[in-house]
Amino acid sequence: SQTIHQWPATLVQPVGSPLSLECTVEGTSNPNLYWYRQAAGRGLQLLFYSVGIGQISSEVPQNLSASRPQDRQFILSSKKLLLSDSGFYLCAWSGQGAWDTEAFFGQGTRLTVV
Amino acid sequence: GEDVEQSLFLSVREGDSSVINCTYTDSSSTYLYWYKQEPGAGLQLLTYIFSNMDMKQDQRLTVLLNKKDKHLSLRIADTQTGDSAIYFCAEPSMFSGGYNKLIFGAGTRLAVHP
């Protein structure tokens, strides 16, 4: 069966420090991968998606970047965190078939920038 | 662009029925989804409905789809305190290359009180 791992679960970082959140998927190949951010009362905002190794698309301009060095590994990074980067970050995957519209989520990372 | 809208809060008494409503924009969506998020956790698929159906029932859950009005609802019968969570409505959207992503509503926070 497929599983998705996301870590760390919580993170407190000072303003201006770097960030690296990692997500890995097991039990499937060639998944679509996603990073979402959830801010209070604002639902889920899609930040990045990837349809293959090295293929990253950004949905919104921001202080963050994403990379996919391996088929089932997705990394969210920042060189210098801002206070506004605080939030709950969720990694997700889906299949690439036309009918594979369901997304499967990791447990999330609560990032607090202080 | 695609948009999914939901009310933000719903408060019900334990044992009553809860109805969470959602409107969506993409009439070509194949599936429509309801996800549940418990505090501090990722999203889990609760139920879904195929676009050629009007209703789907799964134990205490009933999903109603009105394609003409692009309206989706989730009814939870005999609501329990364990149902307290945020419920997200989601519809798939096609992005370039023919791949899918999910567009989420802002989420409805359901509070169940004794």
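Just so we're clear, the structure is a prediction, and the values are computed from it rather than from any experiment. Here the residue index of a chain counts from 1 through its sequence in written order. Chain letters start at A and ligand numbers start at 1, both assigned in the order the entries are written. This being a predicted model, a pLDDT of at least 70 is required before a residue's local features are given, and a value of 80 or more before pairs of side-chain atoms are given or counted; all residues contribute to the totals for chains, interfaces and linings. As a convention, hydrogens and water are excluded, and side-chain values are obtained from all of the structure's heavy atoms.

Asks: Could you give an account of the overall build of chain B, naming the residues involved and the relevant values?
Replies: Note on conventions: DSSP H or I runs of at least 4 residues are helices, E runs of at least 2 residues are strands, and numbering of each starts at the N terminus. Of the regular secondary structure elements, chain B holds zero helices and eleven strands. Reading the secondary structure of chain B in the N-to-C direction produces β-β-β-β-β-β-β-β-β-β-β. We compute the radius of gyration from the C-alpha atoms alone; for a globule the expected value is 2.2 Å times N to the 0.38, where N is the number of residues. Over its C-alpha trace chain B gives a radius of gyration of 14 Å, about what one expects of a compact globule, namely 13 Å for 114 residues. Once the C-alpha set of chain B is aligned to its principal axes, its extents read approximately 50 × 30 × 20 Å. Think of it in three bands: residues with accessible area under 20% of the maximum for their type are buried, residues over 50% are exposed, and the middle band is partly exposed, with areas taken using a 1.4 Å probe on protein chains only. Taken over 114 residues, chain B has a buried fraction of 47%.

Asks: Summarise the pattern of salt bridges; cite the residues concerned and give the values.
Replies: The term salt bridge refers to a pairing of a side-chain nitrogen on Lys or Arg with a carboxyl oxygen on Asp or Glu at a separation within 4 Å. With the rule as written, the count across this model stands at six salt bridges over all chains. Of the charged contacts in the structure, one is a salt bridge between D85 of chain A and R37 of chain A, with a shortest N-O distance of 3.9 Å. Taken together, the positions of D85 of chain A in the loop between β8 (73-78) and β9 (87-94) and R37 of chain A in strand β4 (residues 32-38) put the pair 48 residues apart, joining distant regions of the chain. Both residues of the pair, D85 of chain A and R37 of chain A, count as buried. As a salt-bridge pair, K67 of chain B and D54 of chain B come within 3.2 Å of each other at their nearest N and O atoms.

Asks: Any details on the sheet that holds strand β3 (residues 19-26) of chain A? Residues and values, ideally.
Replies: In a beta sheet, neighbouring strands pair by backbone hydrogen bonds and run either parallel or antiparallel. Residues and elements named next belong to chain A. Two strands make a pair as long as DSSP finds a minimum of two bridges between them. One open sheet accounts for four strands, arranged β1-β3-β8-β7; its pairing is antiparallel. A single partner strand is all that each edge strand has here, and the edge strands are β1 (3-7) and β7 (65-70). For this sheet, the mean angle separating the axes of adjacent strands, direction not counted, is 20 degrees. Of the pairings in the sheet, the one linking β3 to β8 comprises six bridges and is antiparallel in character. Paired with L19 across the bridge in β8 is S78. Fitted lines through C-alpha atoms give the axes, limited to the stretch in contact for helices. The angle between two N-to-C directions lies from 0 to 180 degrees.

Asks: An account of the side chain of T24 of chain A is needed here, citing residue identities and associated values.
Replies: All names here are of chain A. Position of T24 among the secondary structure elements: in strand β3. By relative accessible area, which is 18% here, T24 ends up buried. Here, two residues are considered to be in contact whenever any of their heavy atoms come within 4.5 Å of each other. Setting aside residues no more than four positions away along its own chain, T24 makes contact with T3, I4, H5, W7, R72 and Q73.

Asks: Please set out the state of the cysteines residue by residue, giving values where relevant.
Replies: Every disulfide links exactly two cysteines, by a covalent bond between their sulfur atoms. Residue and element names in this part refer to chain A. Any two cysteine sulfur atoms within 2.5 Å of one another count as a disulfide. Taken as a whole and judged by the stated rule, the model has two disulfides over all chains. The partner cysteine of C23 in its disulfide is C91, sulfur to sulfur 1.9 Å. Taking the sign of the S-S torsion, about -75 degrees here, the bridge from C23 to C91 comes out left-handed. Of this pair, C23 sits in strand β3 while C91 is found in strand β9, placing the two residues 68 residues apart along the sequence. One exposure class covers both C23 and C91, and it is buried.

Asks: Outline the interface of chain B and chain A, supporting the account with residue identities and numerical values.
Replies: With 24 residues of chain B in contact, the opposing surface of chain A contributes 26 residues. Summed over both sides, the interface between chain B and chain A buries roughly 2,000 Å², with carbon and sulfur atoms accounting for 57% of that surface. Looking at the side of chain B that touches chain A, the elements that each hand over two or more residues are β4 (31-37), β5 (43-50), β9 (85-95) and β10 (99-104) of chain B. With five residues, β10 of chain B is the single largest residue contributor to the side of chain B that touches chain A. Two parts lose some accessible area (1.4 Å probe) when they are put together, and adding that loss for both gives the buried area.

Asks: Just give me the short version of the pairing of strand β2 (residues 10-13) of chain A, but keep the residues and values in it.
Replies: All names here are of chain A. What you see with β2 is a clean split: L11 and Q13 sit on the buried side and T10 and V12 on the side with no burial. As judged from the four bridges shared by β2 and strand β11 (residues 109-113), these two strands associate in the parallel manner. Bridge pairing links L11 to L111 in β11.

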